Amino acid sequence: MKEVKKQGGLNAEIQSRIGHQLRAMYDDVVRQGVPDRFAELIKKLDGPEAAAQVVGDTDKNNGGD
Amino acid sequence: MPLTNQLRDDILASVPSLRAFAISLSGNGDRADDLVQETLLRAIANIDSFQPGSNLPAWLFTILRNLFRSDYRKRRREVEDAEGNYAKTLKTQPAQNAHLEFEEFRLALDKLPQDQREALILVGASGFSYEDAAAICGCAVGTIKSRVNRARSKLSALLYVDGADDFGPDNTVRAVIGGNS
């Protein structure tokens, strides 16, 4: 009754290749680690208020361009 | 919860995968880093709404994804310059052949509808469960599954158009070069 289109071995091979390429692309960036700018940013924000302040400033700047 | 040192460390530990997600979404390294920065600022500004013990990476990815979405709508036209920019973000340039294959993959990924692309990346590269990916995208688990499936079949159609009979590394590259863009 159920007509299932059989997924052949090659299809599986293609899928595994796609998965591999996707992870290779992604992991290449992950391996770059944490850029200094982000480490410094997190360090200098001592709480939500400080972050909200910067977000507010950014929004204002973005309004212009 | 308050911004403890532990929480700072945990947020920082998510930065590499946040960047990878942002680059996969935007195809542009500079823009991706702006997205990550904005995500970190918003996360810390709203840290009180983070539930201790819940999934921090999923929470951060949700913020980034929503920022990307609203940003994307604003700057739709700029997206087209994604081509080639991705390679510049890499520290180690892949060897020539691998590089070509990589670029073709990147271009094929860019051709997917945004819903499908983000679902595929979250599940296939970031390693989130279907449930987490659904929470991040604000949709049903079944929707995520079907997006991932559609993304996979579309990618295989784009990259491996010649089908099963012709499948092989050389044909892969040839099909893509002579391909139907």
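Residues numbered from 1 in each chain as written. Chains lettered and ligands numbered in written order. Predicted model: local features only at pLDDT ≥ 70, side-chain atom pairs only at ≥ 80, totals over all residues.

### Notes on the confidence of the model for chain A
Residues and elements named next belong to chain A. We count it as follows: What pLDDT conveys is the predictor's confidence in a given residue, as a value from 0 to 100. The helix count covers DSSP runs of H or I at least four residues long, the strand count covers runs of E at least two residues long, and both are numbered beginning at the N terminus. By the convention adopted here, residues are in contact when the distance between their C-beta atoms, placed from the backbone, does not exceed 7 Å.
Averaged over all residues, the pLDDT of chain A is 78; the fraction at 70 or higher stands at 71%. Averaged pLDDT values over the elements of chain A bottom out at 68 in helix α3 (residues 48-64) and peak at 91 in helix α2 (residues 36-44). For the stretch residues 1-7, pLDDT sits under 50, and the model shows 1 contact to residues farther than four places along the chain or on other chains.

### Some thoughts on the environment of B:Arg106
Residue and element names in this part refer to chain B. As a reminder of what qualifies: Partly exposed residues are those whose C-beta has more than 12 but fewer than 20 other C-beta atoms within 10 Å; 20 or more makes a residue buried and 12 or fewer makes it exposed, with C-beta atoms placed from the backbone.
If you trace the backbone, Arg-106 turns up in helix α5 (residues 96-111). A tally of 20 C-beta atoms within 10 Å means that Arg-106 is categorised as buried. It is 18 Å that separates the C-alpha atoms of Arg-106 and Arg-147, two residues lying 41 residues apart in sequence.

### So, helix α2 (residues 29-45) of chain B
All names here are of chain B. Basically, it comes down to this: Each residue after the first adds 1.5 Å to the expected span of a helix.
Given a rise of 1.5 Å per residue, 17 residues ought to cover 24 Å, and the 24 Å separating the end C-alpha atoms of α2 matches this to within 8%. Extensive coverage of α2 is indicated by the burial of 12 of its 17 residues. Within the span of α2, buried status applies to Arg-31, Ala-32, Leu-35, Val-36, Glu-38, Thr-39, Leu-40, Leu-41, Arg-42, Ala-43, Ile-44 and Ala-45.

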